[in-house]
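What follows is the residue order along each chain.
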Amino acid sequence: METDDWRGESATTFKSRARVTLEEYAGARDEAKAVGALLKEAYRTLNSRRNKVIELRDQAIEACMTVNPYSGRCTADLARMDENRAEIYRSNQLARQELEESWTNKILDAVKNVQDADENFRMALMSDPSDGNKGLLDGFNGALRSDAGEANVARAEELYDKIRRGEKLSDAERSELDLLMWENKSDQEFSRTLITSLGGPDGVIRTHNELTDRAYFEETGRKKQYLSMDRHLADVIATATKVEGKGREREEDQRFYDKWMKDLKEAGLKEYDAEIVGQANNDQRMRGYQSIVTLMQNGSGYSEQFLHDLADDIRTAEDSKQTDEDSKRKGDPDIWDLDRGFAGTRKEDGTFARDGDSWFANDPYDGVLGIMSKTPDIATAYFDPDTAAGKDRLHYLQKERDWDLVNTSEYRKVEVSGPDKADADSHVGFGAALEAAMTGQVPGGGSGETGSDSIEAPTEEEKEKAERDARSRVRVFEEVVKSYANISAVDKTAIPENVRQNMANTIAYYPSDVHDIIGTNADFSRDSAKAEPNDVSLHRTKMLQFIRGVSEDGGAFRTIHDSQMAIVANDIVGLSKDDLQGGSGEAREVARTSGQTMGSLDYIRADVLGSHRDDEISQNNWEKVYRYHSAGALFTNIPIVGDSIQRFIDIGTGRLAEDLNGEIEDKTTEELIRHYSTHGLPRLEKIFILRAEDVGLSEYDLSDGGSDFHESVLTEVERDYSSAIHGAQGATGTRR
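Keep in mind that this is a model prediction, so the values were computed, not measured.

A. Broad picture of the overall build of the chain. The number of helices and strands found in the chain is 29 helices and 6 strands. A buried classification covers 49% of the 736 residues belonging to the chain. For the chain, long-range pairs separated by at least 24 residues make up 72% of all intrachain contacts whose partners lie at least 6 apart in sequence. Counting only carbon and sulfur atoms, one obtains 46% of the accessible surface of the chain, whose full area is about 36100 Å².

B. Looking closely at the packing of aromatic side chains. Following the criterion strictly, the structure yields 12 aromatic pairs and no others. Plain terms: the ring middles of tyrosine 289 and tryptophan 336 are 6.1 Å apart, the flat faces sit at 80° to each other, and that makes the pair edge-to-face. Within this pair, whereas tyrosine 289 is found in helix 11 (residues 288-296), its partner tryptophan 336 is found in the loop between helix 12 (304-318) and helix 13 (364-372), the two being separated by 47 residues in sequence. As far as burial versus exposure is concerned, tyrosine 289 and tryptophan 336 are alike and both buried. Here a set of aromatic residues connected by ring pairs shows up, and it is made of Tyr216, Phe342, Trp359 and Phe360.

C. Focus on the side chain of aspartate 324. Take aspartate 324: it is sitting in the loop between helix 12 and helix 13. Of note is the side chain of aspartate 324, whose polar atom sits 3.2 Å from the side chain of lysine 265. At 3.2 Å, the side chain of aspartate 324 forms a polar contact with the backbone nitrogen of aspartate 326. Excluding its chain neighbours within four sequence positions, the residues that come into contact with aspartate 324 are Lys265, Thr316 and Arg329.

D. Here's a closer look at helix 19 (residues 511-518). The buried count for helix 19 comes to 6 of 8 residues, which makes it a mostly enclosed element. Taken together, the buried positions of helix 19 are Pro511, Asp513, Val514, His515, Ile517 and Ile518. Against the buried residues of helix 19 lie helix 18 (497-509), helix 20 (540-550), helix 21 (554-573) and helix 23 (585-611).

E. Local environment of the environment of phenylalanine 383. Along the chain, phenylalanine 383 falls in helix 14 (residues 376-383). Since its relative accessible area comes to 1%, phenylalanine 383 is described here as buried. Sequence separation of phenylalanine 383 and glutamate 479 is 96 residues, and the distance between their C-alpha atoms is 9.2 Å. Not counting chain neighbours up to four residues away, the residues in contact with phenylalanine 383 comprise Leu369, Gly390, Leu394, Leu397, Phe430, Ala433, Leu434, Ala437 and Val476.

F. Representation of the pattern of salt bridges. A full pass over the atoms with the stated rule returns 45 salt bridges. Here arginine 346 ties to glutamate 497 by a salt bridge, and the two come within 3.7 Å at their closest N and O atoms. Linking arginine 346 in the loop between helix 12 and helix 13 with glutamate 497 in helix 18, this pair joins segments that are 151 residues apart in sequence. A relative accessible area of 35% places arginine 346 in the partly exposed class. Look at glutamate 497 and you get partly exposed, because its relative accessible area is 46%. Here arginine 605 makes a salt bridge to aspartate 602, at a shortest N to O gap of 3.1 Å. In this pair, arginine 605 and aspartate 602 both sit in helix 23, 3 residues apart, roughly one turn of the helix. Like aspartate 602, arginine 605 is buried. Put simply, Asp161, Arg164, Arg165 and Glu167 are held in one network by salt bridges that share partners.

G. Region of interest: the packing of helix 19 against helix 21. With their axes 10 Å apart at the nearest point, helix 19 and helix 21 run at an angle of 85° to one another. With respect to each other, helix 19 and helix 21 are oriented roughly perpendicular. Across the interface between the two elements, Pro511, Ser512, Val514, His515 and Ile518 from helix 19 touch Ser563, Gln564, Ile567, Val568 and Asp571 from helix 21. The class makeup of the residues in the contact of helix 19 with helix 21 is 5 nonpolar, 4 polar and 1 charged.

H. Geometry of the side chain of glutamate 552. Relative to the helices and strands, glutamate 552 resides in the loop between helix 20 and helix 21. Under the relative-accessibility criterion, glutamate 552 is labelled buried at 10%. One polar contact links glutamate 552 to arginine 548, side chain to side chain, over a distance of 2.9 Å.

I. Summary view of helix 27 (residues 669-694). Taking 1.5 Å per residue, 26 residues should reach 38 Å; helix 27 reaches 37 Å between its end C-alpha atoms and fits that length. Where helix 27 bends most, the angle comes to about 30°, and this point is serine 677. Residue glycine 696 follows helix 27 closely and has a positive phi angle near 105°.

J. The arrangement of the environment of glutamate 589 in detail. Within the fold, glutamate 589 resides in helix 23. Assessed through its relative accessible area of 32%, glutamate 589 is described here as partly exposed.

K. A look at a negative patch on the surface. Side chains of Glu461, Glu462, Glu464 and Glu467 sit close together on the surface and give a patch of like negative charge. As for its placement among the helices and strands, glutamate 464 is situated in helix 17 (residues 460-490).

L. Highlighting the confidence of the model for the chain. Taken residue by residue, the chain gives an average pLDDT of 83. The fraction at 70 or more is 78%. Note on residues 131-137: pLDDT is under 50 here. Beyond four places in sequence and across chains, it has 11 contacts. Within the model, pLDDT remains below 50 along residues 142-149, and this stretch shows 34 contacts once partners closer than five positions in the same chain are excluded.

M. Structural view of the nonpolar core. Judged by nonpolar contacts, the single largest core of 138 residues is most densely connected at Phe383, Met543, Phe546 and Phe688. Considering each element in turn, this core owes the most residues, 10 residues, to helix 23. Discounting chain neighbours no more than four positions away, the residues touching phenylalanine 546 are Val480, Val481, Tyr484, Ala485, Ile495, Met503 and Ile507. Counting residues in hydrophobic clusters, the runner-up holds 18 residues, among them Cys74, Leu78, Ala86 and Ala95.

N. Layout of unusual backbone geometry. One non-glycine residue, cysteine 64, adopts positive backbone phi at about 70°. Inspection of the secondary structure assignment puts cysteine 64 in the loop between helix 1 (9-62) and strand 1 (65-67). Taking relative accessible area as the criterion, cysteine 64 reaches 8% and is therefore assigned buried.

O. Representation of the environment of valine 717 in the model. With respect to the helices and strands, the residue valine 717 is situated in helix 29 (residues 708-727). On a C-alpha basis, the gap between valine 717 and arginine 588 in space is 8.2 Å, while along the polypeptide they are 129 residues apart. Once you skip the residues sitting within four places of it in the chain, valine 717 turns out to touch Ala591, Gly595, Leu681, Leu684, Glu685 and Phe688.

Cut-offs used in this document
- Residues numbered from 1 in each chain as written.
- Predicted model: local features only at pLDDT ≥ 70, side-chain atom pairs only at ≥ 80, totals over all residues.
- Heavy atoms only, no water.
- Helix = DSSP H or I, 4+ residues; strand = E, 2+ residues; numbered from the N terminus.
- Buried < 20%, exposed > 50% of the residue type's maximum accessible area, 1.4 Å probe, protein only.
- Contact = heavy atoms within 4.5 Å.
- Areas by Shrake-Rupley, 256 points an atom, 1.4 Å probe, with all protein chains shown as cover.
- Phe/Tyr/Trp six-rings, centres within 6.5 Å; stacked < 30°, edge-to-face > 60°.
- Polar contact = N/O pair within 3.5 Å; in protein donor to acceptor, adjacent residues only side chain to side chain.
- Salt bridge = Lys/Arg side-chain N within 4 Å of Asp/Glu carboxyl O.
- Axes fitted to C-alpha atoms, helices over the stretch in contact; angles between N-to-C directions.
- Parallel < 35°, antiparallel > 145°, perpendicular 65-115°, else oblique.
- Nonpolar A, V, L, I, M, F, W, Y, C, P; charged D, E, K, R; others polar.
- Expected span 1.5 Å × (residues − 1).
- Bend = angle between axes of the 7 residues up to and from the residue.
- Patch = residues over 30% accessible without salt bridge, like charges linked within 9 Å, V, L, I, M, F, W, Y side chains within 5 Å.
- Lys, Arg positive; Asp, Glu negative; His and termini not counted.
- Charge placed at Lys NZ, Arg CZ, Asp CG, Glu CD.
- pLDDT = per-residue confidence, 0-100.
- Core = buried A, V, L, I, M, F, W, Y, C linked by side-chain atoms within 4.5 Å.

Right, dumping it as structure tokens:
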């Protein structure tokens, strides 16, 4: 009997085997496509990195190196160098060795990049993702990813999850994880998939806490390895939170970012167990924002949007005047409070060492600001007063924020809670962010992250951006000076201790502008006729009030003083014999501004030390830090050329300047003013006299009445110095 309906055991068996065969064909097809895509990606990546090796080899050869084709070792070929250069390396073996090692290391690093990429693709091709048990056991696997980052992310998540569960990684697993993270840290898909698979912000925080517990408390012998894993975690956050591209790609970026930030708001306020806070009080826990900022301090490359939004979200959590739109929760000023401080050791220069527990960001807002300082453009945009948000942020941090985050307790038969106090390193991140925002420089040196190593001439678009950035920095500088000047006019001690040196560094960054402002009695504010030539537009009184507040720190005063002395020396060296002999208008102008500047600063010095005369500890600390900074101030923007300028600077900033602080015990401010009038003015006059001798003025010309030098130049110096030292009272406020 014929039928179209095949039934029975044979039919069932056939259908089962046919399904498996079909799945194998599908798996073979998908795996082949994935392998093909991986091999194409591998070819592009490996070819690019191989070409980099060849490029570096060619550059080394062009630089007169002989490159070993097997080891990559570079040897200087002196015969191909010009004779002067060759002689330097013949006579200085250390310099030759450093040159050869520099080129060798560049080539070896490039070779290692090829090897690392090769290993990354090997792991991607060998990965064994689950395809839901389709097809035959150990058959074709259609789940293989066509992107190396996607193929390896599951393995990275598996290893991080193993750590979070309390397990240990073998040496091979640690090396594997290090390579996976290093090779894929710039892969956005890898980064987003990884932090999502870890459980979003909550999972990342828990993973980070486990890593730091092991690094600092449980397995300190493997601290370096655990902190390396932590840095990799910070790097993928930086990559994952960037919103770039156009159209649909940007929309996808924004969707991921919005979800991440929403989840971080929730996780940021949650409390977590961590040994760093549990040591002093076993019941104490820390907030997620404190943990995530601690993690981020180990990484770099964060976007402006992410850092700004994170900082503002942290403020919302703590500012009692703000309410979170999602949770309707009002801010709590005590939300970050802990039972002890976490500052490192204060060094002689006033900065803090990264020791003890200082790695922990107990103040997450200050911590984020510190991260911003590593990318100055981001800090500038955050505080730019051209926006309402920028002005509001500065106002909040200067005048409204509760910086006292350390709980205190006293024992009077029972434990009684005392008033909160600030941690020793309070405001460190804020000060660094302000300095970066006002100068475009990373505090401590460097120009910050630019994202480009290009040495080509800037395009017109790049020039325009540089000009806009410069104007933004000046706006922040003007706003900070005015706001802190107003505060200092009421309380001369009000500028926070850990901000003062940053403010002094900024004054030293704009030395010519500051010199113009305090060196004359003219009005350099924007609404005055004199404001036009200057980049910085501020009233002289405001600048002096600001400098007075900053000068509560001896090192900060030294930085400002020495940077201005460099300008004075530079101006005096610019005077010719005719200028000095005939008392030209230019010579009188230099004498006037020099006298006004140094007289004003000596008045401020007298006012500070006079205010400290009943406070021996404060006076001693001021003098100690002042002398510590005797190596000189930041002269980045001062054109110092020639021995004469350096000699004149040394007169104004060396031993003679330090001796001005002597014999001040028990002196009132008025007595100190007389002291500096007697001993401060002669050092300034000496520089003018030495310049006159250098350009050939005779003894007769130098004598009183011999030429216009005494009558016009030195008299002008004395008149303006005395006027300034007695008349800089606009910088005087009320000491609390």
